[in-house]
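Fold and contact review
Chain by chain, the residues:
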Amino acid sequence: MRCAAGIETRTVEEGSINLDPIQAAGRLTPEAMKAVIAWGDGYSVCDHCHKPFRLDYVTNPPIADFHTDLAQWLGMDKSQVVPGARRAFQEVTGALVGKGEPVMMTGMGHYTAYLSVEVVNGVVREIPQTPDHHITAATAAERIEAAVREFGYAPKLLFIDAVDFMYGNMHDVKGVAKVAHQYDIPVLYNGVYTVGVLPVNGKELGVDFVVGSGHKSMAAPAPSGVLATTDEYADVVLRTTKISGDVTGRKFGIKQVGILGCSLMGAPIVGLLASFPAVKERVNHWDEELANHKIVIDALQSIEGTKVASEFPRRHTLTRMDTAASFDVVARTHKKRGFFLSSALAKRGITGIMPGVTKQWKFNTYGLTREQAEYLADAFVDIAEENGLRVG
């Protein structure tokens, strides 16, 4: 079935249990679906854009109120919506980092964080992960000291992932932020896997910037993201234009420099707004999400040779599994090779695990019901038994 010429109708969420790590918390709420249809036109939210001609002042839809509520919800002073978390990274580095200046980055950071430093011609210095795949305050301190010796001054910014995309591990944000502030280094909290799925309070964490992803973790259309900051850095990062034309003398009011004047329009912003009440509520049920995830993890660990490659016990619903001694053993002789696992899951209405991968793979159960979690757990056990693996 096609929804338009050459475009197949997407039925993944309706017809399958989707375990894709980057899609689990981005599914739109029914309210967002309706809002997107009603406000999907490109400049729809500009219907009521009057002086001072800035989207975060628009009251219908309630974009202005959303900015205030968002900052309060994240325990920060000011907020802004952006076209994806990566644009928030870019906005902060663009305001704080100059050519040749160092930025501390975790060795597990997303590539877009690195590119946000590269685009301003900054220099990256990494905080390596521990053998058990964690970023610690002690290691951060060592690397900051090394950077100070190398450059003669402290790095201009430090990125810390709340939960990394490689293992879904939680890192010592408070500890790292405390160390960074001893050197007067502002800290950017990358919450693309936390903002919108579990409670986040930036000031309690001791960070200067909180970044979230609308389309990854706030049930919003892409591209959408959020940036929140303290008053200390708001005037710098959310600064307004001062430029003027040398012939015409043109000036541009209070347009914001870091986002080239206006932020999200149309579907992304109304979807973000429409899902926000549900998102604020669902972060209060994180324990239920972890309980459902544990059902699946327990089933997988009952398969001989299967291990959790992420930290354990699990503190997040994004997990990396090591099945080199179980499913990968089957793949060596199976006629479908490594594709047998994704094929067997697909027959059971389960998708989202990378096809052909059986040594180590990631999945995310966020948003599944208890019934779906139990079905998923049974499916992994059934597949193991069908292929001669021992289940304990």
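Each value, and the rule that gives it
Residues numbered from 1 in each chain as written. Predicted model: local features only at pLDDT ≥ 70, side-chain atom pairs only at ≥ 80, totals over all residues. Heavy atoms only, no water. Pairing = 2+ DSSP bridges. Helix = DSSP H or I, 4+ residues; strand = E, 2+ residues; numbered from the N terminus. Axes fitted to C-alpha atoms, helices over the stretch in contact; angles between N-to-C directions. Contact = heavy atoms within 4.5 Å. Parallel < 35°, antiparallel > 145°, perpendicular 65-115°, else oblique. Nonpolar A, V, L, I, M, F, W, Y, C, P; charged D, E, K, R; others polar. Phe/Tyr/Trp six-rings, centres within 6.5 Å; stacked < 30°, edge-to-face > 60°. Buried < 20%, exposed > 50% of the residue type's maximum accessible area, 1.4 Å probe, protein only. Lys, Arg positive; Asp, Glu negative; His and termini not counted. Salt bridge = Lys/Arg side-chain N within 4 Å of Asp/Glu carboxyl O. Polar contact = N/O pair within 3.5 Å; in protein donor to acceptor, adjacent residues only side chain to side chain. Right-handed = clockwise from strand over helix to strand, strands pointing away.

Below, the discussion takes up the sheet that holds strand S10 (residues 225-229). Spatial ordering of the open sheet is given by S4-S10-S9-S8-S7-S5-S6, a layout of seven strands whose pairing is mixed. Looking at strand neighbours, the two that pair on one side only are strand S4 (78-82) and strand S6 (123-127), the edges of this open sheet. Each neighbouring strand pair of the sheet contributes to a mean axis angle of 20°, computed without reference to strand direction. As paired strands, strand S8 (residues 187-190) and strand S9 (residues 209-213) are joined by three bridges and run parallel to one another. Paired with Tyr189 across the two strands is Val210, which belongs to S9. Of the strands in this sheet, strand S5 (102-106), S6 and strand S7 (157-161) touch helix H5 (residues 111-118), which is tilted by about 175° from S5. Across the face of the sheet, helix H6 (residues 137-151) comes into contact with S5, S6 and S7 while running at roughly 150° to S6.

Running from N to C, helix H12 (residues 286-301) and helix H15 (residues 370-386) cross one another at 10°; their axes reach a closest spacing of 8 Å. In this view, H12 runs roughly parallel relative to H15, as classed from their interaxial angle. Contact residues: Ala291, Asn292, Ile295, Val296, Ala299 and Leu300 in H12; Arg370, Ala373, Glu374, Leu376, Ala377, Phe380 and Val381 in H15. When its residues are assigned to classes, the contact of H12 with H15 shows 10 nonpolar, one polar and two charged.

Geometry of an aromatic ring pair is reported as the spacing of the ring centres plus the angle between the planes. Under the defined criterion, the tally for this structure stands at 10 aromatic pairs. Taking 5.6 Å as the distance between ring centres and 45° as the angle between the ring planes, the aromatic pair formed by Trp361 and Phe363 counts as tilted. Judged by relative accessible area, which is 3%, Trp361 ranks as buried. With 5.6 Å between their ring centres and 20° between their planes, Trp361 and Phe380 make a pair best called stacked. With a gap of 19 residues between them, Trp361 in strand S14 (residues 360-364) and Phe380 in helix H15 connect regions that are remote in the sequence.

The topology assignment puts Asp208 in the loop between helix H8 (202-205) and S9. As a buried residue without a salt bridge, Asp208 has its nearest oppositely charged side chain in Lys203, at a separation of 10 Å. For Asp208, the side chain forms a polar contact with the main-chain nitrogen of Val187, separated by 2.7 Å. With near-sequence residues (within four places) excluded, Asp208 lies in contact with Met76, His181, Ile185, Pro186, Val187, Ala228, Thr229, Thr230, Glu232 and Tyr233.

Turning next to the sheet that holds S14. Spatial ordering of the open sheet is given by S11-S12-S14, a layout of three strands whose pairing is antiparallel. In this open sheet, the two strands that pair with only one neighbour each are strand S11 (307-308) and S14. Examined bridge by bridge, strand S12 (residues 318-322) and S14 share five bridges and lie antiparallel to one another. Looking at the pairing, Met321 lines up with Trp361 of S14.

What follows covers the pattern of salt bridges. One pass over the full model with this rule turns up 11 salt bridges. Arg315 serves as the salt-bridge partner of Glu311, at 3.2 Å between the closest nitrogen and oxygen. Since its relative accessible area comes to 10%, Glu311 is described here as buried. The salt bridge involving Arg348 is made with Glu386; its shortest N-O contact spans 2.7 Å. Of the two residues, Arg348 sits in the loop between helix H14 (340-347) and strand S13 (350-351) while Glu386 sits in helix H15, which places them 38 residues apart along the sequence.

This paragraph deals with the side chain of Asp328. Counting through the fold element by element, Asp328 comes out in helix H13 (residues 327-331). Taking the relative accessible area as the measure of exposure, Asp328 reaches 10% and is therefore buried. Apart from residues lying up to four places away in sequence, Asp328 is in contact with Thr323, Thr358 and Lys359.

For S5, the buried fraction is high: five of the five residues fall into the buried class. Residues Pro102, Met104 and Thr106 point to one face of S5 and Val103 and Met105 to the other, with burial holding for every one of them. Relative to S6, S5 runs parallel, the two sharing five bridges. Bridging across to S6, Met105 finds its partner in Glu126. Of the crossover connections in this fold, the one passing from S5 over H5 to the parallel S6 is right-handed. Relative to S7, S5 runs parallel, the two being bridged by two bridges. In the sheet register, Val103 faces S7, and the bridge partner there is Leu157.

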